[in-house]
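Structure assessment
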Amino acid sequence: MPIARPEPQEPRVIAHVDMDCFYVQVEQRRNPELRGLPTAVVQYNSWKGGGLIAVSYEARKFGVKRSMRGDEAKKICPSIQLVQVPVAHGKADLNIYRAAGSEVIEILAMRGKCERASIDEVYLDLTDAAKSMLLETPSGMLESITEEALKSNILGLSSDSNNRERSLIEWFCRTDADHQEKLLACGAIIVAQLRAKVLEETKFTCSAGIAHNKMLAKLASSMHKPAQQTVVPSSSVKDLLASLPVKKMKQLGGKLGSSLQTDLRVNTVGDLLNFTEPKLQEYYGINTGTWLWKIARGFCGEEVKDRLLPKSHGCGKTFPGPQALRTTVSVRNWLNQLCEELSERLQVDLNQNKRVAHTLTLHASAFKENVIDFHWKFPSKSCPLRYGTLKIQEDATKLFDSGLHDFLGSQNISWGITSLSVTASKISDIPNGRSSILRFLHCNDSPSTSSEGYEYDSLVLNDIPLTTGNDAHLENDGYMISTQKGKGCPFASEEKVVEDHKTIADQGISTDINISGASQGKMRNKEPYSILKFFPSRDSSFSTRKRSFDSLGQVHSGCDKVSKVNSMEQEGTPSDGNVQHRASEQCDQWTFSIADIDPSVIDELPLEIQKEVRGWFHASKQTSINRRGSSIIHYFSPMKKS
């Protein structure tokens, strides 16, 4: 349910920019011969010519609508050009449209805070830019008013075509306007400049709405299309909302809007003015009731979030009518394709934007054969997201099985799936200093999947050499590198391993590496599996320093004062245990926070280290570290205090 947010203390200038029939424009830029012709982009499904997902304004003049099929569109507009959307993973591939949208975002973000709402729409907070323009432009000066700005549609302003331009000039240059309206005029000029720049650099046209909040800006952007902009002065808000159908308002298109129509007989937003705030709260609760009372008066405290990237990634597919999926085999087949696409998009986001998602969610629409049950829906299921195509596929399958079990209950009946989607959400930037453990693996050849079915490519950010110089220590690892595919390091080719072996030998480092043929090589461990082989040693004495783990989140490291005690003994100066104990107590220590540990990385660690790290999350459990090489803390150099 919507929640009312407090109004800002100072007036804002908010714009909503919406691309005009964007998919068609992208296809027209790819094929300029389509410009000016009735054009539509159709889904890959060839049934009845495919479903239309975007229609040009030239085709709309003939009555072509997005709800039509291709064959129907051709009947009413024989000259229409139907362009099929690209296909990947058995469904529409929107990557070219996402990339084109990013081009537009890059331009729009130059003048203010930018929030990407979808592939083809953006919110802008231009308050600061408008304030700067107002300070720099003396009242009555027309130099900054572009020709495009003078084409603006100002709600409440006379629409007489004979005096239109004169009326617009007077509105932009009013000396009696209050500060809020002057800011709005500056915002309209800025948006006109941005739209002109988008057209110049991308060949795309867009429409915009300019107002004092997001709600009004979005309503205005669709009022005059294509390639136009609409401004909503405060004085015209009441008239705008008075006749606006309830279902046209954002967040009122579903059950809440239907409830207003049936329970309160509210058909327009203006009808809400007949109800007091307490009355609306009585029907819909405190938060939603207050929100309804505010939107009826044009108030909206929602801020523009500075977000250029999507807040989630989703891949879905519908299976209407006879296409419904009726077996677990068919469901898993489609789930695998959806998860493969989702994994690719996550990988691109990780590589380009250094962001990771944390939650995987499965949504589905289903029915029970010969059972009328409108109250029981297929439940959505979520779990922590693990990177890698196979892992995402495995987890999505488990989520579906769990949801199907809850959906059917104890009933042993036939069922069908009419829609299926997987979503990756809770996306955040990778914190500085934290990344996957695979970052430290020595691998230049990185096939996406090993023979054992694990995905490695999704979290490898950089390749770091196995050795960093003469101070590397490998003699105690006992690790035998094999070149058989899927064994040992899954990335290293046989030639690369041989090359590294020679490099290490040339440096005079004692090694314990066995090179075997691909047909018979196997990984052998002389000692328990060790993480040490993946880390370049920085200090020759690092492997012998003392470690003690005495409390959650704190690690003490051997320090200079202990070294001095040892040097005293070497020089013949006696040192009793008390001296050494006091020196140890005065050692510098370094700490880390449990909150800084990325849980998704733990599964990538060796089993013995996984147990230790998970133990850190439980204060009541103290992990004993007695065996050398069994602790992850053993392999990290302490941070020096500044």
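Residues numbered from 1 in each chain as written. Predicted model: local features only at pLDDT ≥ 70, side-chain atom pairs only at ≥ 80, totals over all residues. Heavy atoms only, no water.

1. Here we look at the overall build of the chain
Within the chain, the regular secondary structure consists of 19 helices and 20 strands. When the 642 residues of the chain are sorted by exposure, 45% land in the buried category. For the chain, the proportion of contacts with a sequence separation of at least 24, taken over those separated by at least 6, is 67%. When the accessible surface of the chain is summed, it comes to about 33700 Å², and 50% of that surface belongs to carbon and sulfur atoms. (Helix = DSSP H or I, 4+ residues; strand = E, 2+ residues; numbered from the N terminus. Buried < 20%, exposed > 50% of the residue type's maximum accessible area, 1.4 Å probe, protein only. Contact = heavy atoms within 4.5 Å. Areas by Shrake-Rupley, 256 points an atom, 1.4 Å probe, with all protein chains shown as cover.)

2. Some remarks on the pairing of strand β12 (residues 313-318)
With burial as the criterion, only one face of β12 is covered, namely that bearing H313, C315 and K317; the residues G314, G316 and T318 on the opposite face remain uncovered. Two strands pair when backbone bridges link them, and β12 and strand β16 (residues 415-425) are joined in this way by 6 bridges, in the antiparallel orientation. For G316, the partnering residue across the bridge sits in β16 and is S421. (Pairing = 2+ DSSP bridges.)

3. Here we look at the packing of aromatic side chains
Inspection of every chain in the model, using the stated rule, returns 8 aromatic pairs. Look at F378 and F407: their rings are 5.7 Å apart centre to centre, the planes differ by 40 degrees, and that puts the pair in the tilted class. Pair noted here: F378 is in the loop between β14 (359-368) and β15 (381-384) and F407 is in helix α14 (residues 389-408), with a separation of 29 residues, a long-range link. Residue F407 is classed as buried on the basis of its relative accessible area of 3%. Among the aromatic side chains, those forming a connected cluster through ring pairs are F378, F400, F407 and W415. Positioned above the aromatic ring of Y57 is the side chain of R60, whose terminal nitrogen or guanidinium carbon lies 4.3 Å from the ring centre. Over the face of the ring belonging to F407 we find K368, whose NZ or CZ atom lies 5.0 Å from the ring centre. (Phe/Tyr/Trp six-rings, centres within 6.5 Å; stacked < 30°, edge-to-face > 60°. Lys NZ or Arg CZ within 6 Å of the ring centre and 35° of its normal.)

4. Things to note about the packing of helix α5 (residues 127-136) against helix α7 (residues 179-202)
Viewed as axis vectors pointing N to C, α5 and α7 meet at an angle of 105 degrees, and their least axial separation amounts to 8 Å. As summarised for this structure, α5 and α7 are arranged roughly perpendicular, according to the angle between their axes. Listed contacts from α7 to A129, A130, K131, M133 and L134 of α5 are H179, K182, L183, C186, G187, I189, I190 and Q193. Partitioning the contact of α5 with α7 into residue classes produces 8 nonpolar, 3 polar and 2 charged. (Axes fitted to C-alpha atoms, helices over the stretch in contact; angles between N-to-C directions. Parallel < 35°, antiparallel > 145°, perpendicular 65-115°, else oblique. Nonpolar A, V, L, I, M, F, W, Y, C, P; charged D, E, K, R; others polar.)

5. Regarding unusual backbone geometry
Of the consecutive residues K225 and P226, the connecting peptide bond is found in the cis state with omega at -5 degrees. Its place among the elements puts P226 in the loop between α8 (214-221) and β11 (229-231). Phi angles above zero are rare outside glycine, and K203 is one such case at about 70 degrees. Here K203 shows up in the loop between α7 and β10 (206-211). Backbone geometry at R265 places phi at a positive 55 degrees, although glycine is not the residue there. With respect to the helices and strands, R265 occurs in the loop between α10 (255-263) and α11 (277-284). Residue classification places R265 among the exposed residues on the basis of a relative accessible area of 70%.

6. Details of the confidence of the model for the chain
Looking at the chain, pLDDT values average 77 and 67% of them are 70 or higher. Counting interchain partners and residues more than four positions distant, the pLDDT-below-50 stretch residues 579-589 has 19 contacts. (pLDDT = per-residue confidence, 0-100.)

7. What to know about the sheet that holds strand β8 (residues 121-125)
Strand pairing in a sheet is mediated by backbone hydrogen bonds. Such pairs are either parallel or antiparallel. In spatial order, the strands read β7-β8-β1-β10-β11-β9; together these 6 strands make up an open sheet with mixed pairing. Strands at the two margins of the open sheet, each flanked by one partner only, are β7 (113-118) and β9 (153-154).

8. As for the environment of F299
Of note, F299 is situated in the loop between α12 (286-295) and β12. Linking F299 and A4, residues 295 residues apart in sequence, is a C-alpha distance of 9.2 Å. Contacts of F299, omitting those with residues within four sequence positions, involve E7, N213, M215 and K294.

9. What to know about the nonpolar core
Counting residues in each nonpolar core, the largest one holds 53 residues, and the members touching the most others are F22, Y23, Y97, L108, L124, F172 and F204. Every element with two or more residues in this core is listed here: β1 (14-19), α1 (22-30), α4 (95-108), β8, α5, α6 (164-172), α7 and β10. When residues no more than four places from it in sequence are discounted, the contact partners of Y23 are V41, I53, A54, L94, Y97 and I119. By size, the runner-up hydrophobic cluster in this structure holds 33 residues, among which are F319, W334, L346 and A364. (Core = buried A, V, L, I, M, F, W, Y, C linked by side-chain atoms within 4.5 Å.)

10. Let's talk about the pattern of salt bridges
Working definition: two side chains of opposite charge can pair if their charged atoms are close together. Per the counting criterion, the structure on display carries 21 salt bridges. The partner of E115 in a salt bridge is R307, with the nearest N and O atoms 3.5 Å apart. On the criterion of sequence distance, the pair formed by E115 in strand β7 and R307 in the loop between α12 and β12 is long-range, its members being 192 residues apart. As far as burial versus exposure is concerned, E115 and R307 are alike and both buried. When salt bridges that share partners are traced, they join E115, K214, E302 and R307 into one network. (Salt bridge = Lys/Arg side-chain N within 4 Å of Asp/Glu carboxyl O.)

11. Observations concerning the pairing of β10
Most of β10 sits inside the fold, with 6 of its 6 residues counted as buried. Bridge analysis of β1 against β10 gives 6 bridges, and the strand direction is antiparallel. Along β10, the bridge assignment pairs M19 with C206. Sheet topology note: the β10/β11 ladder contains 3 bridges and is parallel. Directly across from I210, in β11, lies its bridge partner V231.

12. With respect to the packing of α4 against α7
As a packed pair, α4 and α7 sit with axes 10 Å apart at the nearest point and diverge in direction by 140 degrees. Regarding the angle of α4 to α7, the classification is oblique. Regarding α4 and α7, the two cross each other, and that crossing is right-handed. Between α4 and α7, the contacting residues are E103, V104, I107 and L108 on the first element and L194, K197, V198, E201 and T202 on the second. Its residues assigned to classes, the contact of α4 with α7 comprises 5 nonpolar, 1 polar and 3 charged. (Left-handed = near helix turned anticlockwise from the far one by under 90°.)

13. Observations concerning α7
For α7, with 24 residues, the first-to-last C-alpha span of 34 Å sits near the 34 Å given by 1.5 Å per residue. K203 sits one or two residues past α7 and shows a positive phi near 70 degrees. (Expected span 1.5 Å × (residues − 1).)

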